Amino acid sequence: MVVRMITAGEQRRAEELFSIAFETPWQEEAYPTKKYAAFLDDNETMTSCLSIIPFSAHFDGKTVKMAGIGGVSSLPQYRRCGGIRGCFEKMLPDLYREEYILSMLYPFSTNYYRKFGYEVWARGARYELELSHIPGLPREGYSLLADSSNRKKVLEDIRLLTKEWERRYNGMVELTERAYAFAAEADPCRKQEFVYIHYDAQGAPAGYMVYRKERDG
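Residues numbered from 1 in each chain as written. Predicted model: local features only at pLDDT ≥ 70, side-chain atom pairs only at ≥ 80, totals over all residues. Heavy atoms only, no water.

Focus on the packing of aromatic side chains
Reasoning step 1: Inspection of the entire model under this criterion finds 14 aromatic pairs.
Reasoning step 2: Summarising the aromatic geometry, the rings of Phe108 and Tyr112 are spaced 5.4 Å apart at their centres and angled 45° between planes, so their arrangement reads as tilted.
Reasoning step 3: Judged by relative accessible area, Phe108 falls into the exposed class, the value being 66%.
Reasoning step 4: With a relative accessible area of 22%, Tyr112 lands in the partly exposed category.
Reasoning step 5: Aromatic side chains Phe194 and Tyr211 sit 5.1 Å apart centroid to centroid with 15° between the ring planes, which places their arrangement in the stacked category. (Phe/Tyr/Trp six-rings, centres within 6.5 Å; stacked < 30°, edge-to-face > 60°. Buried < 20%, exposed > 50% of the residue type's maximum accessible area, 1.4 Å probe, protein only.)

Following this line, the structure appears as structure tokens:
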């Protein structure tokens, strides 16, 4: 087995491998990633691969490099042959040398990724609330619906709010420009997606919310 970073000419094959492994239609990746892959001894037949997505994250008051791990996949006929293990064993020392402080992934199995040093560091919860159960509060300031007439200002203010929120939490990833598309492209008329931003009594941005209407039945 040969384990190494892929070349530019092998990018398409790595994307196809992911599509086959996860049974999803192939589509070209929207942003560049670094990929490690395992090959048979011929150094051409790709059997497994994974991707590294670079992020900036907050940790103990500093902005540090974080590697997001995704696309961890093997072709069905090469599973349980050590390809993914080989990719991690090659990748992790490289990340250390490149001064990545953190690495994060969403595991299908916590026990599986513990073998490579990963551990649970965050848990999520989802709540569904009836709007009628949310208590009314004294209203100060005003709220604004983002649309084509004001989205530039709204986008700037949402960036300010988000960056302040990100700094509060260890491990919080800095959003990239791609992640702000909901505000940059806010169009309630066409998309039925509503972005509201609230300003306090002094006119400073205080919070924002996005909601979408879904028709059920």
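The discussion continues.
Considering helix α4 (residues 151-166)
Reasoning step 1: Look at α4: 22 Å from first C-alpha to last across 16 residues, which is about the 22 Å you get at 1.5 Å a residue.
Reasoning step 2: Of the positions making up α4, those classed as buried are Val154, Leu155, Asp157, Ile158, Leu161, Thr162 and Glu166.
Reasoning step 3: The inward-facing, buried residues of α4 contact β3 (46-59), β6 (142-145), α5 (181-184), β7 (193-199) and β8 (205-212). (Helix = DSSP H or I, 4+ residues; strand = E, 2+ residues; numbered from the N terminus. Expected span 1.5 Å × (residues − 1). Contact = heavy atoms within 4.5 Å.)

With respect to the environment of Asp41
Reasoning step 1: Mapped onto the elements, Asp41 comes out in the loop between β2 (34-39) and β3.
Reasoning step 2: We classify Asp41 as exposed; its relative accessible area is 64%.
Reasoning step 3: Remark: the alpha-carbon pair of Asp41 and Arg123, spanning 82 residues in sequence, is separated by 40 Å.
Reasoning step 4: Not counting residues within four places of it along the chain, the set of residues in contact with Asp41 comprises Met1 and Val2.

Section: the pairing of strand β4 (residues 62-74)
Reasoning step 1: Two strands pair when backbone bridges link them, and β3 and β4 are joined in this way by 11 bridges, in the antiparallel orientation. Its bridge partner lying in β4, Ser56 is registered against Lys65.
Reasoning step 2: Here β3 folds back onto β4, and the loop between the two strands holds two residues, one of which, Asp60, carries a positive phi near 50°.
Reasoning step 3: Inspection of the sheet shows β4 paired to strand β5 (residues 102-104) by three bridges, in the parallel sense. Bridging from a neighbouring strand, Ala67 pairs with Ser103 of β5.
Reasoning step 4: Of the crossover connections in this fold, the one passing from β4 over helix α2 (residues 83-97) to the parallel β5 is right-handed. (Pairing = 2+ DSSP bridges. Right-handed = clockwise from strand over helix to strand, strands pointing away.)

What about the pattern of salt bridges?
Reasoning step 1: In this structure the tally under the stated criterion is 14 salt bridges.
Reasoning step 2: Linking Glu98 and Lys34 is a salt bridge whose minimum nitrogen-to-oxygen distance equals 3.1 Å. Highlighted residues: Glu98 in the loop between α2 and β5 and Lys34 in strand β2, separated in sequence by 64 residues.
Reasoning step 3: Salt bridges sharing common partners tie together Arg12, Arg13 and Glu16. (Salt bridge = Lys/Arg side-chain N within 4 Å of Asp/Glu carboxyl O.)

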